[in-house]
Amino acid sequence: MREAIILVGGKGTRLRPLTNHTPKPLLGVAGTSFIRHQVAKLMDAGVEHLVFATSYLASLFEDEFRDFSGDLEISYAVEEVPLGTGGAIRNAGQRLRGGSPDAPVLILNGDILSGADLRDVVRQHEAQDADVTLHLTRVADPRAFGLVPTDADGRVLAFLEKPKTPKECVTDQINAGCYVFRRSVLDAIPADREVSVEQETFPQLVAGGGRVYGHATDDYWRDLGTPLAFVHGSADLVTGKATSPLVGPPAEALIHPTATIHPTARVTGGSTVGPNAVVGAHAVVDRSIIGGRVTVAEGTRIHESVVDHDSSIGRESLLREVVVGCHSHVGAQNELPAQLRLSCGIRIPAQGVRVSGTAAACLTAH
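Residues numbered from 1 in each chain as written. Predicted model: local features only at pLDDT ≥ 70, side-chain atom pairs only at ≥ 80, totals over all residues. Heavy atoms only, no water.

Colleague: I'm lost on the layout of surface pockets in this one. Help?
Modeller: Over the atoms rolls a probe the size of a water molecule, and its path tells where empty space is left. When its volume is computed, the largest pocket comes out at roughly 1400 Å³. Lining the largest pocket are 44 residues, with Thr-85, Asn-109, Asp-111, Tyr-179 and Glu-198 positioned closest to its centre. Those elements giving two or more residues to the lining of the largest pocket turn out to be helix H3 (84-93), strand E9 (173-182), helix H6 (197-207) and strand E11 (221-223). Considering only enclosed or pocket space, the second largest pocket measures out at about 580 Å³ in volume. When the residues that make up the lining of the second largest pocket are grouped by side-chain class, the tally is 17 nonpolar, 11 polar and 2 charged. (1 Å grid on protein atoms, 1.4 Å probe; cavity = no way out; pocket = protein on both sides within 12 Å on 5 of 7 lines; lining within 4 Å. Points joined across faces, edges and corners; volume = space filled by probe spheres on them. Helix = DSSP H or I, 4+ residues; strand = E, 2+ residues; numbered from the N terminus. Nonpolar A, V, L, I, M, F, W, Y, C, P; charged D, E, K, R; others polar.)

Listed below in structure tokens is the structure:
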């Protein structure tokens, strides 16, 4: 039996208010919850048993998959106290069924959209008789990440902290959030305490001569941890820049059959429009996510933004790189500044926020 673990216990604080009531992996991406894209990818890789390592709003994962049907058995491991990445893996490992100490176990971070071929990662792990194999991706600017240099054979040499100077950027390879563990190595992680695989498990394995290898690829990769990355990841799935078994042919937009789009409106850039949403005349929705039962009024322009469910945007408003929480209302002729996040239930009156050049914004909300 091929088994896998998905780490989905984080609170998703960088995505608030979207994650105030919904775990990050359950947010809608390209027409369905992000976690379902990952589950489909694991099933394509031959996984037969999957364990969710949960913590924050754990019961919602069981609700999401209560009616799931398919050739996949799902188990849940709830983390009652923070255990870190390693502790969460060890806790979830108690739900695994495979008995062989050499059996490979796939592990995915719950917020990474990746084009890596999981079968290839497992094949390399087995061919090199590795204890742990990490999928590595190359980034143009590695300063925001921990670095993972490897030798000519792909064996990991070290795990380096985020570089502070250009001289410390000895590689452009970073941990891509996908691993294959030998089952016996997973079981050796200390139980019932906080453990970081990045700072404790992996460095100790390398220092002790463990067989830790990197599988570096140039496949699509994006961490969906911020609102803008979240929006771009969804759009990339719709337009075909990224792929998922759950998304059809590349398109300019993914519009729910129950949504209403005025003939003069433009929905482009890989945008998604949710069930029973309404987009009015001459409105523009570009590379954005419009949730269920959202109303976008006439002449409004929404770019690279998220409008969560049951909200409304008044006529001739402008949103660019904005997050609007659920059950909110933005009145007519508002111009919201980039990076603004409106909490759930916020109401902004008509012309309550205007940003022109360097002029200050005036926000009246109640």
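Next comes the rest of the write-up.
Colleague: Where do I start with the pattern of salt bridges in this structure?
Modeller: Any two side chains of opposite charge can pair, so long as their charged atoms come close to each other. Counted according to the given criterion, the structure contains 17 salt bridges. For Asp-120, the salt bridge is made with Arg-123, and the minimal N-O distance between the two is 2.3 Å. Of this pair, Asp-120 and Arg-123 both sit in helix H4 (residues 118-127), 3 residues apart, roughly one helical turn. The class of Arg-123 is partly exposed, set by a relative accessible area of 48%. Look at the salt bridges and you will find they share partners, linking Asp-102, Asp-129, Asp-131 and Arg-182 into a network. (Salt bridge = Lys/Arg side-chain N within 4 Å of Asp/Glu carboxyl O. Buried < 20%, exposed > 50% of the residue type's maximum accessible area, 1.4 Å probe, protein only.)

Colleague: Is there a simple way to explain the packing of aromatic side chains in this structure?
Modeller: Aromatic rings considered in pairs are described by the distance between their centres and by the relative angle of their planes. Per the stated rule, a full pass over the model turns up 9 aromatic pairs. Geometrically, the ring pair formed by Phe-52 and Tyr-76 is stacked, given 5.6 Å between the ring centres and 25° between the ring planes. Residue Phe-52 is located in strand E4 (residues 49-54), and its partner Tyr-76 is located in strand E5 (residues 73-78); the two are separated by 24 residues in the primary sequence. Taking the relative accessible area as the measure of exposure, Phe-52 reaches 0% and is therefore buried. With 6.4 Å between their ring centres and 90° between their planes, Tyr-179 and Phe-181 make a pair best called edge-to-face. Judged by relative accessible area, which is 1%, Tyr-179 ranks as buried. A connected cluster of aromatic rings, assembled from ring pairs, spans Phe-52, Phe-61, Phe-65, Phe-68 and Tyr-76. For the cation-ring pair, Arg-36 lies above Phe-65, with the distance from its terminal atom to the ring centre recorded as 4.8 Å. (Phe/Tyr/Trp six-rings, centres within 6.5 Å; stacked < 30°, edge-to-face > 60°. Lys NZ or Arg CZ within 6 Å of the ring centre and 35° of its normal.)

Colleague: Help me understand the sheet that holds E9, please; the structure alone is not making it clear to me.
Modeller: Strand pairing in a sheet relies on backbone hydrogen bonds. The paired strands run either parallel or antiparallel. Taken in spatial order, the 7 strands line up as E5-E4-E1-E6-E9-E8-E10 in an open sheet, and their pairing is mixed. Of all strands in the sheet, those with a lone pairing partner are E5 and strand E10 (212-217), marking the two edges. For this sheet, the mean angle separating the axes of adjacent strands, direction not counted, is 25°. Across 5 bridges, the pairing between strand E6 (residues 104-109) and E9 is antiparallel. In the strand pairing of E9, Pro-104 is matched with Arg-182. (Pairing = 2+ DSSP bridges. Axes fitted to C-alpha atoms, helices over the stretch in contact; angles between N-to-C directions.)

Colleague: Looking at this structure, I do not really get H6. What am I missing?
Modeller: All buried positions along H6 are accounted for by Val-197, Glu-200, Thr-201, Phe-202 and Leu-205. All buried residues of H6 fall inside an arc of 160° around its axis, so they share one side. In H6, those exposed residues whose orientation departs by more than 90 degrees from the buried face are Gln-199, Gln-204 and Ala-207. Phi turns positive, to about 85°, at Gly-209, one or two residues after H6. (Arc of directions from axis to C-beta.)

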